[in-house]
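One letter stands for each residue in the lines below.
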Amino acid sequence: MSSNHLLIESDKEYDASDRSSASNLLSASLTAPSSRQSSPRREPSRFLSNGFDKEKYSMSRNVKRKGGKTWYQRKRVKSLVAVIGLICLFFFVNWFMLSSLQEHSEKNKSFSNSSSVSVPISVKRDLKKFGKGKRSQYGVYGRMLALAAHALAENKREPKDLWQEPVVSASAWRPCANQRNWEPSGGNNGYILVTANGGMNQQRVAICNAVVLARLLNATLVVPKFMYSSVWKDVSQFNDIYQEEHFINYLTPDIRIVKELPVELQSLDLEAIGSVVTDVDIPKESKPNFYLKNILPILLRNRVVHLLGFGNRLAFDPIPFQLQRLRCRCNFHALQFAPKIQETGALLLRRLRKHEVNPGPLDHYLVGPYAETITKEKRVHSGKASRYLALHLRFEIDMVAHSLCEFGGGEGERQELEAYREIHFPVLTHLKKTAKLPSPAELRSEGFCPLTPEEALLMLVALGFNRKTHIFVAGAQIYGGTQRLAALNSLYPYLVTKENLLSATELEPFKNFSSQLAVLDYIGCTAANAFAMTDSGSQLSSLVSGYRIYYGGGKMPTIRPNKRRLAAIFMKNSTIEWKVFEQRVRKAVRQTKNIKPRPKARSVYRYPRCQACMCTTD
């Protein structure tokens, strides 16, 4: 409900009550003369005086009767004039008060009704801005954003569980993927080359799958390489992002790893001898038997296999227990970031936690020895130590275009996204022309559309995060630019990105390396006191939430929105009251915080609570 609407409704109630009072006053005034006229007249008492003169009394009475009618009429007219004057005065005062209220509302956008709420000047400006509801900037959520601003202005106490996991059940799980129960593999069957596709997150998944595959086929793994992507445009390789020596040494008890192919194999034309296998040749999430049947024969015949574009090509179930554990061991233990990334990541964390004097529970795993530098600059301060919420806005143009959803930008937005799809997702463009795909409205109702920055904002306010919450926004270039973040910046002034916290000089080594920049976002999100995602299907969100579960000890809450349920709530944006909206959002999100073991066939990177990755204290 917009501020103007609230004010008008309040004025209507005020006006109606005053009009009712005026009506009662008018009725009483007009009926009073009639009442007096019909009441019986009392004759003078016969015992008034001993010298009572009947003749004198009779004459006096006749005189009064003669002039009484004229006097009474004059008195009645005066009463009517007085009442009319009062009514006119009432309407004038009412008009003056309404004009003053409306003028005050335009200046300050005060939402006070029965109780007064102190609204910061900056919030008042925001309310005025949101109340106008510019479609190009705020889509259809102008009204809801005004209500959110009002809720923040009330400065209510945050819910007790806002920054917590269900600690007892969550802390029952502890990391144990580092435990081994087998002999090292000699890698005698040949060499596996892997070129991983996608961005940093997809590459990480591919590395872990390649490690498991090398053990399955008793092969030697060559340190994976990364494919150049026209989307990511990053030439980074393994040692630019991860510590190569640590990776090799840590996994030596499991598999044999080398940096390069032997010289005698480097000159082979792998494609000519049939040793190149692309992702098209391998079904998504193939079972181990597929590799034993189709890849092992090539390996034994040619001594080398090149998996080109290898990614999410190994199933999570069914898979032998020890292989699943190896997959977790690679992700949570073997992959440590390169020193230059750890150093800058530690700097980022120090600036995110301005007043924190103790390292976070995950700092050591994320930034290694540089975790100690986070606590060196202890500051004298009052109040609680700084804590922050990390928000991963998966709203880059590639995600927006691939979703086939619409986000309030009209025809211009549709044309822009279609042009992007034709270049980067030609298969999707072809499908749109040849098959009947769900409409954008149907996709949204089923929860297939990423949350917009405005929807993410409404979710955070409804959950109870107050205006002073420090928020770290992760993500690449947000589709729509700074204008799309205007609402978030307005209502949460302590909102920062890595570009705000790190200088141009500090970011220079990572310029034009999108995967390395993504690692800084990964570190900022993983170490946060609370983490909120806007798209549960995002690889970064999955990896971050899983890492927080594995090392968090039940103290690192993650907010996973049920987009299908939220879509049903957001569809009521033009009529729903804020309290109802707040209750429904909290219920929808609270249910996703339940602690449960990994569902069958789901990612161990996202859901590490399984016996292969974590052990219970029961």
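A brief report on the enclosed structure follows. Per-chain numbering applies: the sequence of each chain, read as written, is numbered from 1 onward. pLDDT decides what is reported in this predicted model: residues at 70 or higher carry local features, side-chain atom pairs at 80 or more are listed and counted, and totals for whole chains, interfaces and linings draw on all residues regardless. Side-chain numbers here rest on the full set of heavy atoms in the structure, without hydrogens or water.

### A look at the packing of helix 14 (residues 339-352) against helix 26 (residues 514-526)
Condition: Whenever a helix is involved, its axis is fitted only over the stretch in contact; in every case the axis is a line through C-alpha atoms, and angles between N-to-C directions fall within 0 to 180 degrees. Runs of H or I in DSSP of at least four residues are treated as helices and runs of E of at least two as strands, each being numbered from the N terminus. Throughout this description, any angle smaller than 35 degrees is read as roughly parallel, any larger than 145 degrees as roughly antiparallel, any in the 65 to 115 degree range as roughly perpendicular, and the remainder as oblique. Should the near helix be turned counterclockwise from the far one by less than a right angle, the crossing is left-handed, whereas a clockwise turn marks it as right-handed. Any two residues whose heavy atoms approach within 4.5 Å at even a single point are treated as in contact. Three classes are used: nonpolar for Ala, Val, Leu, Ile, Met, Phe, Trp, Tyr, Cys and Pro, charged for Asp, Glu, Lys and Arg, and polar for all others, with Gly counted as polar.
Remark: helix 14 packs on helix 26, axes separated minimally by 9 Å, with the N-to-C direction vectors making an angle of 45°. Put simply, helix 14 runs oblique to helix 26. Crossing of helix 14 against helix 26: the hand is right-handed. Where helix 14 abuts helix 26, its residues Lys340, Ile341, Thr344, Gly345, Leu348, Leu349 and Leu352 lie against Gln516, Val519, Leu520, Ile523 and Gly524. Across the contact of helix 14 with helix 26, the residue classes tally to seven nonpolar, four polar and one charged.

### Examining the nonpolar core
Applicable threshold: Nonpolar core, defined: a set of buried Ala, Val, Leu, Ile, Met, Phe, Trp, Tyr and Cys residues in which side-chain atoms within 4.5 Å join the residues together. Residue burial is assigned from relative accessible area. The probe radius is 1.4 Å, only protein chains are included, and a residue is buried under 20% of its type maximum, exposed over 50%, and partly exposed in between.
Among the nonpolar cores identified, the biggest contains 92 residues, and Leu221 and Phe247 are the most heavily contacted of them. Looking at this core element by element, the count peaks at ten residues for helix 7 (residues 200-216). Counting residues in each nonpolar core, the second largest holds 57 residues, with Leu389, Ala462, Ile471 and Ala487 among its members.

### With respect to the side chain of arginine 560
Our working definition: His is not counted, nor are the chain ends, whereas Lys and Arg count as positive and Asp and Glu as negative. Counted as salt bridges are all cases of a side-chain nitrogen of Lys or Arg within 4 Å of a carboxyl oxygen of Asp or Glu.
One can find arginine 560 in the loop between strand 12 (558-559) and helix 28 (563-570). One buried charged side chain, arginine 560, makes no salt bridge at all; its nearest oppositely charged neighbour is glutamate 165, positioned 6.3 Å away. Ignoring sequence-local partners within four residues, the contact set of arginine 560 consists of Met533, Ser545, Ile549, Thr592 and Arg606.

### Side note on a positive patch on the surface
Rules: Every patch collects residues that have over 30% relative accessible area and no salt bridge, joining them within 9 Å if they carry like charges and within 5 Å if they are nonpolar side chains (Val, Leu, Ile, Met, Phe, Trp, Tyr). Exposure was quantified through the Shrake-Rupley algorithm and a 1.4 Å probe, taking into account, for residues, occlusion by the shown protein chains and nothing else. Charged groups are reduced to one reference atom each: NZ for lysine, CZ for arginine, CG for aspartic acid, CD for glutamic acid.
A surface patch of positive charge is lined by Arg565, Lys572, Arg584 and Lys587. Residue placement: lysine 572 occurs in the loop between helix 28 and helix 29 (578-590).

### Considering helix 29
In plain terms, the rule: Every helix has an expected span of 1.5 Å times one less than the residues it contains. Taken from the helix axis, the directions to the C-beta atoms give the arc we talk about.
Its 13 residues give helix 29 an end-to-end C-alpha distance of 18 Å, which sits within 8% of 18 Å, the value for a rise of 1.5 Å per residue. Among the residues of helix 29, Trp578, Phe581, Glu582, Val585, Ala588 and Val589 are the ones counted as buried. One side of helix 29 holds all its buried residues, which, seen down the axis, span an arc of 135°. Relative to its buried face, helix 29 has exposed residues pointing more than 90 degrees away, namely Lys579 and Gln583. Against the buried residues of helix 29 lie helix 5 (142-153), helix 21 (453-463), strand 12 and helix 28.

### Structural notes on helix 21
Most of helix 21 is tucked away: eleven of the eleven residues are buried. Two residues or fewer past helix 21, glycine 464 is found with a positive phi of approximately 115°.

### Looking at the packing of helix 18 (residues 410-424) against helix 19 (residues 426-434)
Contact geometry for helix 18 and helix 19: axes closest at 5 Å, N-to-C directions at 120°. It follows that helix 18 is oblique to helix 19 by the angle criterion. Within the contact between the two elements, helix 18 uses Glu418, Arg421, Glu422, Ile423 and His424 and helix 19 uses Pro426, Leu428, Thr429 and Lys432. Partitioned by chemical class, the residues of the contact of helix 18 with helix 19 number three nonpolar, two polar and four charged.

### Points about the state of the cysteines
Under the convention used in this document: Disulfides are defined as pairs of cysteine sulfur atoms found within 2.5 Å of each other.
According to the stated counting rule, one finds three disulfides in the structure shown. Across the disulfide, cysteine 176 is cross-linked to cysteine 615 (sulfur-sulfur distance 2.1 Å). Residues cysteine 176 and cysteine 615 are joined through a disulfide that is right-handed, its torsion about the S-S bond being 95°. On the criterion of sequence distance, the pair formed by cysteine 176 in the loop between strand 1 (173-175) and strand 2 (191-196) and cysteine 615 in strand 13 (residues 614-616) is long-range, its members being 439 residues apart. The class of cysteine 176 is buried, set by a relative accessible area of 0%.

### Considering the pairing of strand 9 (residues 470-474)
Worth spelling out the cut-off: Here, any two strands with at least 2 DSSP bridges between them count as paired.
Most of strand 9 sits out of view: four of its five residues are buried. The pairing of strand 8 (residues 388-392) with strand 9 spans five bridges and is classified as parallel. Across the sheet, the residue bridging to leucine 391 is valine 473, located in strand 9. In terms of strand pairing, strand 9 meets strand 10 (residues 495-496) through two bridges, oriented parallel. Paired with isoleucine 471 across the two strands is leucine 495, which belongs to strand 10.

### Some thoughts on a nonpolar patch on the surface
A surface patch of nonpolar side chains, amounting to about 240 Å² of accessible area, comprises Val427, Leu431 and Leu437. Tracing the backbone through its elements, the reader meets leucine 431 in helix 19. We classify leucine 431 as partly exposed; its relative accessible area is 36%.

### Quick look at the pattern of salt bridges
Applying the stated criterion across every chain, the model contains 25 salt bridges. When salt bridges that share partners are traced, they join Arg180, Asp254 and Arg329 into one network.

### A few points about the packing of aromatic side chains
Basically, it comes down to this: Centres within 6.5 Å are what make two rings of Phe, Tyr or Trp a pair, Trp counting through its six-membered ring; a difference in plane orientation under 30 degrees is then read as stacked, over 60 as edge-to-face, and the rest as tilted.
The final tally for this structure, using the stated rule, is 20 aromatic pairs. Centroid distance phenylalanine 290 to tyrosine 291: 5.6 Å. Interplanar angle 90°. Geometry classified as edge-to-face. With relative accessibility at 1%, the residue tyrosine 291 sits in the buried group. Consider the rings of tyrosine 365 and tyrosine 551, whose centres lie 3.6 Å apart with planes at 15°: the pair is stacked. Here the residue tyrosine 365 occupies a position in helix 15 (residues 363-367), and tyrosine 551 occupies one in helix 27 (residues 539-552), the gap between them amounting to 186 residues. Under the relative-accessibility criterion, tyrosine 365 is labelled partly exposed at 35%. Here tyrosine 551 falls in the buried class, since its relative accessible area comes to 11%.

### Topic: the sheet that holds strand 10
One open sheet holds the five strands; their spatial order is 10-9-8-11-12, and the pairing between them is parallel. Each of the sheet's edge strands pairs with one partner strand only, and the pair in question is strand 10 and strand 12. Packed on one face of the sheet, helix 27 meets strand 8, strand 11 (530-533) and strand 12 and runs near 155° to strand 11.

### Topic: the environment of glycine 274
Tracing the sequence through the fold places glycine 274 in the loop between helix 10 (263-266) and strand 6 (276-278). In sequence terms glycine 274 and valine 304 are 30 residues apart; their C-alpha atoms lie 9.9 Å from each other. Apart from residues lying up to four places away in sequence, glycine 274 is in contact with Ile298 and Asn302.

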